[in-house]
Amino acid sequence: MNKPSIYGLTLGQLTEWLRERGHKPSRALRTWEWLYRSRVTSFEAMTDVNADCLALLAEHFAIGTLAEHTRQESADGTVKFLFRLQDGNLIETVLMRHKFGLSVCVTTQVGCNIGCSFCASGLLSKSRDLSAGEIAEQIMKVQLYLDAAGQGERVSHIVVMGIGEPFDNFENLVDFLDIVKDHKGLAIGAKHITVSTSGLADKIIEFTDRGLGVNLAISLHAPNNELRTRIMKINRAIPIEKLMAAIDYYISKNKRRITLEYILLRGVNDRQEDALELAELIGERRPNVNVNLIPYNPVDEHSQYQRSEQSAIRGFYDTLKKQNVSVSVRLEHGTDIDAACGQLRSKQLKASG
């Protein structure tokens, strides 16, 4: 029987788990430091932790539950990992190099049920949620890869934008965030973490109320209900009006900007009138919103969509700028490998199937 990942416990949960079995809080803290500061990969390496405590942990938990299946390395330094889980499922994790540091994009589900019509991640329906440990271990696997390179580099930023809808795996997501933020461990600052959602309005409100301090990005991709429903079927259940009300709630409770992600699809949502309508939708929210324009990475199975022309991307950007909307164009990473999220996993499964 497979053991759960010890990376799935917050420091508080680990402390309580050991306390209930007769062990001191100091042993939990020392174990935590071995895991995240020393980054050992076996319980035996925790040389100054009580032997009975280690035996108990080893009986109930595993340190490694992900195995590297495939790794692609781009000329720009981007590294895409395909990890195999204990049950044989495959997930993607991506390391990206920025001027501001090293960012890792993590996956939260095996497959995705949101069903965005342009997305490679949704080609395979969700089969299960990842545990908090399986999400956290993605960060640890990447950090161990960096450690092995011997350059003293560390993961400084996290984006929860991989395969799956993070807010559809809410409690495991929250535990993961607590684990990676903990100042006694990886100590990745809340302002360096961004969670992306397709727009689960009720969960946006709950996320706001939890006061986690991390950044929020919304996959919008269209300025009106008719177009967004064509692109994203979730809009049938959660129309833009309900989504924007949840965004307003988030803005009212936070002092930071929210990001609206907008993937540009040639001739679909990249016209000047679409940009003007988007500016109108944002309205008085301008000081609290940044639009992130995303050039589309074509997916074979979604041949109805093509990347917008460079002139259209520039025109959309310029139109928003003229409307006093804060806007950026996402810097592309890994264009010489399987760049689209979920693309590597899909190809591997087709090749083995």
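Residues numbered from 1 in each chain as written. Predicted model: local features only at pLDDT ≥ 70, side-chain atom pairs only at ≥ 80, totals over all residues. Heavy atoms only, no water.

Visitor: Explanation requested: the packing of aromatic side chains in the structure shown.
Guide: The description of an aromatic ring pair rests on the distance of the ring centres and on the angle between the ring planes. With the rule as written, the count across this model stands at 10 aromatic pairs. Between F81 and F83 the ring centres are 5.5 Å apart and the planes differ by 10 degrees, which places this aromatic pair in the stacked class. Both residues of the pair, F81 and F83, belong to the buried class. Plain terms: the ring middles of F167 and F207 are 5.1 Å apart, the flat faces sit at 45 degrees to each other, and that makes the pair tilted. (Phe/Tyr/Trp six-rings, centres within 6.5 Å; stacked < 30°, edge-to-face > 60°. Buried < 20%, exposed > 50% of the residue type's maximum accessible area, 1.4 Å probe, protein only.)

Visitor: Whenever I open this one, the pattern of salt bridges confuses me. Can you help?
Guide: A side chain of one charge can pair with a side chain of the opposite charge if their charged atoms are brought near each other. A full pass over the atoms with the stated rule returns 22 salt bridges. Residues R19 and E16 are paired through a salt bridge, measuring 2.6 Å at the closest nitrogen-oxygen approach. Of this pair, R19 and E16 both sit in helix 1 (residues 11–19), 3 residues apart, which is roughly one turn of that helix. In this structure R19 comes out as partly exposed when scored by relative accessible area, which is 47%. Across the salt bridge formed by K203 and E206, the nearest N and O atoms sit 3.2 Å from each other. Residue K203 and its partner E206 are both found in helix 6 (residues 201–210); the two are separated by 3 residues, about one turn of the helix. Looking at K203, the relative accessible area reads 27%, which means it is partly exposed. By relative accessible area, E206 is classed as partly exposed at 27%. (Salt bridge = Lys/Arg side-chain N within 4 Å of Asp/Glu carboxyl O. Helix = DSSP H or I, 4+ residues; strand = E, 2+ residues; numbered from the N terminus.)

Visitor: Looking at this model, I keep getting lost on the pairing of strand 8 (residues 193–197). Mind explaining?
Guide: As a general feature of sheets, a regular strand has side chains that alternate between the two faces. Across the 5 residues that make up strand 8, a large majority, 5, are buried. With burial as the criterion, each face of strand 8 is covered, one bearing I193, V195 and T197 and the other bearing T194 and S196. When strand 7 (residues 157–160) meets strand 8, the two strands line up parallel, connected through 3 bridges. Residue pairing in the sheet places V159 in a bridge with T194 of strand 8. Taken together, strand 7, helix 5 (residues 170–181) and strand 8 constitute a β-α-β crossover, and its handedness is right-handed. (Pairing = 2+ DSSP bridges. Right-handed = clockwise from strand over helix to strand, strands pointing away.)

Visitor: Any chance you could explain helix 4 (residues 132–149) here in plain terms?
Guide: An α-helical turn contains 3.6 residues, so any two residues separated by three or four positions project in the same direction. For helix 4, which comprises 18 residues, the first-to-last C-alpha distance of 27 Å matches the rise-based estimate of 26 Å (1.5 Å per residue) to within 8%. Within the span of helix 4, buried status applies to A132, G133, E134, I135, A136, E137, Q138, I139, M140, V142, Q143 and L146. (Expected span 1.5 Å × (residues − 1).)

Visitor: Can you walk me through the side chain of S74 in this structure?
Guide: Considering the arrangement of structural elements, one finds S74 in the loop between strand 1 (67–73) and strand 2 (79–84). A polar atom in the side chain of S74 sits 3.0 Å from the side chain of D76. (Polar contact = N/O pair within 3.5 Å; in protein donor to acceptor, adjacent residues only side chain to side chain.)

Visitor: What am I meant to see in the packing of helix 9 (residues 272–282) against helix 10 (residues 310–322) here?
Guide: When two helices pack together, their arrangement is given by the angle between the helix axes and by the axis-to-axis distance. Packing of helix 9 against helix 10 brings their axes to within 9 Å, and their N-to-C directions diverge by 35 degrees. Judged by the twist between their axes, the crossing of helix 9 over helix 10 is right-handed. Across the interface between the two elements, Q272, D274, A275, L276, L278 and A279 of helix 9 pack against F316, T319 and L320 of helix 10. (Axes fitted to C-alpha atoms, helices over the stretch in contact; angles between N-to-C directions. Left-handed = near helix turned anticlockwise from the far one by under 90°. Contact = heavy atoms within 4.5 Å.)

Visitor: Just to check I follow, could you spell out the state of the cysteines for this structure?
Guide: Covalent bonding between the sulfur atoms of two cysteines defines a disulfide. A complete count under the given rule lists 0 disulfides for this structure. For C112, which is in no disulfide, the shortest distance to another cysteine sulfur is to C119 and amounts to 6.5 Å. Lacking any disulfide linkage, C116 is separated from the closest cysteine sulfur, that of C119, by 6.0 Å. Under the relative-accessibility criterion, C116 is labelled buried at 16%. (Disulfide = S-S within 2.5 Å.)

Visitor: Could you clarify how one ought to interpret the environment of S38 in this entry?
Guide: Inspection of the secondary structure assignment puts S38 in helix 2 (residues 25–38). The exposure class assigned to S38 is partly exposed, which follows from its relative accessible area of 41%. Residues S38 and K141 lie 103 residues apart in sequence; the distance between their C-alpha atoms is 14 Å.

Visitor: I would appreciate a short explanation of empty space enclosed by the protein in the present structure.
Guide: Empty space left among the atoms is revealed by rolling a probe the size of a water molecule over them. For the structure on display, the rule yields 2 cavities of 30 Å³ or more. The calculated volume of the second largest cavity comes to roughly 40 Å³. As for the second largest cavity, its lining consists of F207, T208, G211, L212, G213, V214, Y250 and N254. The class makeup of the residues in the lining of the second largest cavity is 4 nonpolar, 4 polar and no charged. (1 Å grid on protein atoms, 1.4 Å probe; cavity = no way out; pocket = protein on both sides within 12 Å on 5 of 7 lines; lining within 4 Å. Points joined across faces, edges and corners; volume = space filled by probe spheres on them. Nonpolar A, V, L, I, M, F, W, Y, C, P; charged D, E, K, R; others polar.)

Visitor: What exactly am I supposed to notice about the sheet that holds strand 9 (residues 215–219) here?
Guide: As a general point, the strands of a sheet are linked pairwise by backbone hydrogen bonds and lie either parallel or antiparallel. What the 10 strands build is an open sheet, ordered 1-2-3-4-7-8-9-10-11-12; its pairing is mixed. Whereas interior strands pair on both sides, the edge strands pair on one side only; in this sheet they are strand 1 and strand 12 (326–329). Shown here is a sheet whose adjacent strand axes are inclined to one another by a mean of 20 degrees, direction ignored. Pairing of strand 1 with strand 2 involves 6 bridges; the strand directions are antiparallel. Bridging across to strand 2, Q72 finds its partner in K80.

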